[in-house]
Amino acid sequence: MMKKSLLVSAVLSALAGCSDDNSGIVNVVDTGENDAPTHQGNITVTLNERDKTRLVYLLGTTTGAKGGVNDNGTPDDTSDDFTNAAYDADGDYLQVIDVQSNLEDMTGFHIENGVLVVRAAELKPALDAADTRTMTLTYKISDGELSVERTATINVEGAESTPVFESGIEIGYTKATSIDELDLLMGVSDEDDETLIVSNLQKVGTHNYNLDASIVDGKLRIDLDSIKSQVPDEGFETFEYTYDIADRKNTLTRSIKVKYIAVEGVEGAPFFTEYFLETSLTENSNPTVVDLLQDVTDNDSEPRIKDFKVEGLAELPKGVFVEGNELTIVPAAYAEELSPSQSQEFNFSYQIEDGNGITAAGRRQLKLTIAGKNNNLMLAQGFNADFENVNNVGPVNDANTNNFLFGWANWNCPVKEIKAESARTGSYGWRLEGEYCHNEISSDYFVPMLEAEDKYVTSYWLRSEEANGPAGNPFVSIYAGPSTDGARFWNGTRLEGISLNEWHIHEQFFSGSSAPYSELVGNPIWLSIFKYAGQGKHDIDDLSLVRYSAFMHPMLDLIEGDQGLFDDSQTINSNGGAVELSDGQLSIDTTGSASGVTVSLPITANSVKTNSYYIVTFDAVRNGDLANDSAVTVKLTNGSESIMASGTVSNGMIELVMNELTTRSADVDWSQETMTLDITFTDADSTIMLDNVRLYRAPQ
């Protein structure tokens with residue numbers, strides 16, 4: 001094998017003394033005899049092709065760790081042990097010289113300033129399971145006069161992944177299209193980054209007509225003219241095929257459906273060209289309204305839908321209803337039954353007519369997909385928010401970022417590490433030690449785009465071993481990113497006055513409809529965790545982001561039979577004062593009731609559970625004036641234990657969010673209890689008109 005010589009121009013110091021100025025001259029004791037550098041043995045590192053970038057320090061330990069030397073060659077002032085790395089007894093600067101590699105192709109390996117950077121991922125296309133790429137560097141460690149030889153052997157082991165795709169392809173056409181070409185690798189990914197080949201197109205089942213379809217240069221070529229004269233007007237046909245997707249070792253089969261509606265415009269009828277609509281949501285998407293008449297025009301009158309149907313069902317599925325020309329979807333109705341790997345699919349169809357009863361040709365199709373997704377959106381979007389990914393265990397730095405971005409202030413922050421000792425739950429947590437430790441989470445893993453209807457709660461757990469005074473814990477900022485100044489971290493919030501060596505939760509609520517975040521609607525939202533101004537030692541675990549607005553829709557109300565609307569004659573359970581139904585509201589008179597008045601509403605059986613946020617909303621006007629605030633306490637209770645919070649009704653309304661874990665009086669399996677929502681008003685000598693009481697649950 002040809003050897004490749006590598007020039008290393010940078011000089012690194014394994015041990016440096018003190019200098020009286022900035023000249024770089026090192027003061028050492030002259031022993032009268034120069035000793036050669038030494039080291040503890042050759043370097044051996046074994047990686048997997050899926051591992052993060054690894055820095056191998058050629059003057060470091062036998063595992064390629066830094067040892068007692070910083071990146072720039074100066075001593076690491078946090079360690080007094082230099083003997084575990086390359087060492088010179090005379091205190092001379094050391095340099096790496098005469099570097100040779102056994103590889104001619106250095107893909108995945110790069111030497112810079114005496115550090116071998118191994119980007120294992122670059123070798124993915126070349127490696128399969130049981131394959132290993134071995135790179136052996138031979139080099140000398142020199143003090144400028146004497147040297148010692150050393151080798152660094154890096155093994156990158158291959159892994160095998162099959163191509164991944166979520167589902168088959170569906171595409172729809174009308175008579176308006178003659179020929180089309182479709183990318184058969186759309187939505188396909190391959191962790192090995194191998195070249196993928198498509199082939200073997202096969203019909204599935206019986207086709208009523210012979211559609212001319214073939215694979216040409218990796219694409220499906222569809223000649224719709226081949227069937228146009230055969231399919232009757234307004235006829236609907238589905239042509240299903242399978243084809244193979246192959247990498248070097250695996251062949252998978254994928255399906256494709258070509259849907260065809262033989263329609264052209266009907267004179268005087270509403271006009272549209274898109275007959276195939278698709279809507280894809282997750283179980284924690286906000287309630288969504290689909291305009292069933294999107295891109296429909298009519299010159300004579302207002303168009304409208306008719307004959308709305310769902311394939312395979314006699315009535316609309318739960319979480320879906322039609323009002324006028326709009327379809328409302330509440331994906332959270334499926335939160336209890338969909339895991340992150342599952343999805344629910346519905347196919348709707350309907351006709352469109354104008355005000356004169358003239359109906360457009362054919363039936364418009366709408367495919368709805370609701371996918372399961374982790375309710376902790378940081379985990380769902382790929383961030384290691386619980387720190388349980390074993391591939392990220394160890395120091396958090398440029399080689400192992402854990403997908404953090406490191407902000408503008410990272411000075412004297414010697415410890416950022418994912419380790420077992422820092423875990424609150426699971427096996428691992430995150431350790432921060434130092435003074436200025438700036439860590440950002442980009443919108444890719446937080447909020448890609450803030451919408452006006454969004455309501456979020458984000459949290460993390462903190463245990464401080466040391467803190468610089470009662471306010472010495474990290475700032476947490478939520479802001480429109482990216483930002484060059486750390487989003488003015490001092491505008492963030494932090495835990496203050498907490499006990500040391502105990503776990504505490506830090507929660508922040510933000511909404512696209514409330515200031516100051518309403519000004520950020522339409523922007524990507526970042527999160528910053530900033531240890532600032534003062535030495536401290538902190539453990540962090542279980543970062544979370546929950547979009548609780550996804551679970552706030554009347555059809556998800558936990559109060560039994562809409563009794564919180566007070567629209568029907570019903571028995572009102574109360575304690576203290578006087579209550580009565582009045583024109584669709586509940587009138588509450590607190591006169592003479594020293595402890596206030598409590599109204600109890602029944603909660604649907606088995607609907608209150610652990611590990612959830614509970615959202616209580618209602619309208620309440622005190623003494624006929626919206627300007628009069630009202631003090632209120634709410635409890636979800638079984639009669640003895642409860643989940644409780646207090647707040648103030650302002651401008652006639654309130655929204656209270658309770659974390660079951662931190663607001664409960666005891667650890668109870670609430671689902672087995674008979675529960676009520678108790679609302680207590682404590683303002684003396686007042687009349688309060690209560691209405692529109694709703695209770696929602698957002699799983700954590």
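Report follows, based on the coordinates.

Definitions and limits used
Residue numbers here run from 1 along each chain, matching the order of that chain's written sequence. Totals for whole chains, interfaces and linings use every residue, but because this is a predicted model, local features are given only for residues with pLDDT of at least 70 and side-chain atom pairs only at 80 or more, for both listing and counting. The basis for every side-chain value is the complete set of heavy atoms in the structure, and neither hydrogens nor water enter the calculation. In this analysis, strands are considered paired if DSSP registers two or more bridges between them. Secondary structure elements follow DSSP: runs of H or I of four or more residues count as helices, runs of E of two or more count as strands, with numbering from the N terminus. Only the stretch in contact is used when a helix axis is fitted, and all axes are lines through C-alpha atoms; the angle between N-to-C directions ranges over 0 to 180 degrees. Any Lys or Arg side-chain nitrogen found within 4 Å of a carboxyl oxygen on Asp or Glu counts as a salt bridge. Only protein chains enter the accessibility calculation, which uses a 1.4 Å probe; a residue is then buried when its area is under 20% of its type maximum, exposed when over 50%, and partly exposed in between. Put simply, a nonpolar core is a bunch of buried Ala, Val, Leu, Ile, Met, Phe, Trp, Tyr and Cys residues held in one set by side-chain atoms that sit within 4.5 Å of each other. The contact criterion used is simple: two residues touch if any of their non-hydrogen atoms lie within 4.5 Å. Aromatic contacts are taken between Phe, Tyr and Trp rings whose centres are within 6.5 Å, Trp giving its six-membered ring; a plane angle under 30 degrees counts as stacked, one over 60 as edge-to-face, and the others as tilted.

1. So, the sheet that holds strand β41 (residues 630-637)
Paired through their backbone hydrogen bonds, the strands of a sheet run either parallel or antiparallel.
Argument step 1. The strand order across the open sheet formed by five strands is β36-β39-β44-β41-β42, and the pairing between neighbours is antiparallel. Sheet topology places β36 (573-575) and β42 (642-649) at the edges, where each strand pairs with a single neighbour. For this sheet, the mean angle separating the axes of adjacent strands, direction not counted, is 20°.
Argument step 2. Relative to β42, β41 runs antiparallel, the two sharing eight bridges. From the neighbouring strand, Val634 faces β42, where its bridge partner is Ala645.

2. Considerations on the pattern of salt bridges
Argument step 1. Tallied over the full model, the rule gives 26 salt bridges.
Argument step 2. Here Lys140 makes a salt bridge to Asp98, at a shortest N to O gap of 3.8 Å. Note that Lys140 is positioned in strand β8 (residues 132-142) and Asp98 in strand β5 (residues 94-101), a separation of 42 residues in sequence.
Argument step 3. Given the relative accessible area of 28%, Lys140 is considered partly exposed.
Argument step 4. Note that Lys537 and Glu466 form a salt bridge whose closest N and O atoms lie 3.8 Å from each other. Highlighted residues: Lys537 in strand β35 (residues 536-547) and Glu466 in strand β31 (residues 455-466), separated in sequence by 71 residues.
Argument step 5. For Lys537, a relative accessible area of 26% translates into the label partly exposed.
Argument step 6. Bridged by salt links that share partners, the residues Arg431, Glu433, Arg463, Glu465 and Asp539 form one connected network.

3. Section: unusual backbone geometry
Argument step 1. Residue Pro516 is bonded to the preceding Ala515 through a cis peptide linkage, with omega at 0°.
Argument step 2. Within the element layout of this structure, Pro516 appears in the loop between β33 (503-511) and β34 (525-531).
Argument step 3. Notably, Asn623 is not glycine yet its phi reads approximately 55°, a positive angle.
Argument step 4. When you line up the elements, Asn623 lands in the loop between β40 (612-622) and β41.
Argument step 5. In this structure, Asn651 is a non-glycine residue whose phi angle is positive, near 55°.

4. Digging into the nonpolar core
One broad rule of soluble globular proteins: the nonpolar side chains tend to lie buried together.
Argument step 1. In this structure, Leu327, Ile329, Phe348 and Leu368 are the most contacted members of the largest nonpolar core, which totals 44 residues.
Argument step 2. Among the secondary structure elements, those contributing two or more residues to this core are β19 (276-282), β21 (304-310), β23 (326-329), β24 (343-353), β25 (364-371), β40 and β45 (687-699).
Argument step 3. Sorting elements by how many residues they give to this core places β24 first, with four residues.
Argument step 4. Discounting chain neighbours no more than four positions away, the residues touching Leu327 are Thr288, Val289, Val290, Leu292, Phe308, Val320, Phe321, Val322, Phe348 and Leu366.
Argument step 5. Counting 34 residues, the second-largest nonpolar core is a separate cluster that includes Val634, Ile643, Ala645 and Val668.

5. So, the packing of aromatic side chains
Argument step 1. With the rule as written, the count across this model stands at 16 aromatic pairs.
Argument step 2. Relative to Tyr275, the ring of Phe272 lies with its centre 4.6 Å away and its plane at 40°, an arrangement referred to as tilted.
Argument step 3. For the pair Phe383 and Phe404, a centre-to-centre distance of 5.2 Å together with 80° between the ring planes defines the contact as edge-to-face. Separated by 21 residues along the polypeptide, Phe383 in the loop between α2 (377-380) and β26 (394-395) and Phe404 in the loop between β26 and β27 (405-406) bring together distant segments of the chain.

6. A word on the sheet that holds β19
Argument step 1. Taken in spatial order, the four strands of this open sheet run β19-β25-β24-β21, and their pairing is mixed. Across the chains shown, the open sheet's two edge strands, defined by having one partner strand only, are β19 and β21. Between one strand and the next, the sheet's axes are offset by a mean angle of 25°, whatever the strand orientation.
Argument step 2. Sheet topology places β19 next to β25; seven bridges connect them, and they run parallel. Bridge pairing in β25 places Ser280 opposite Thr369.

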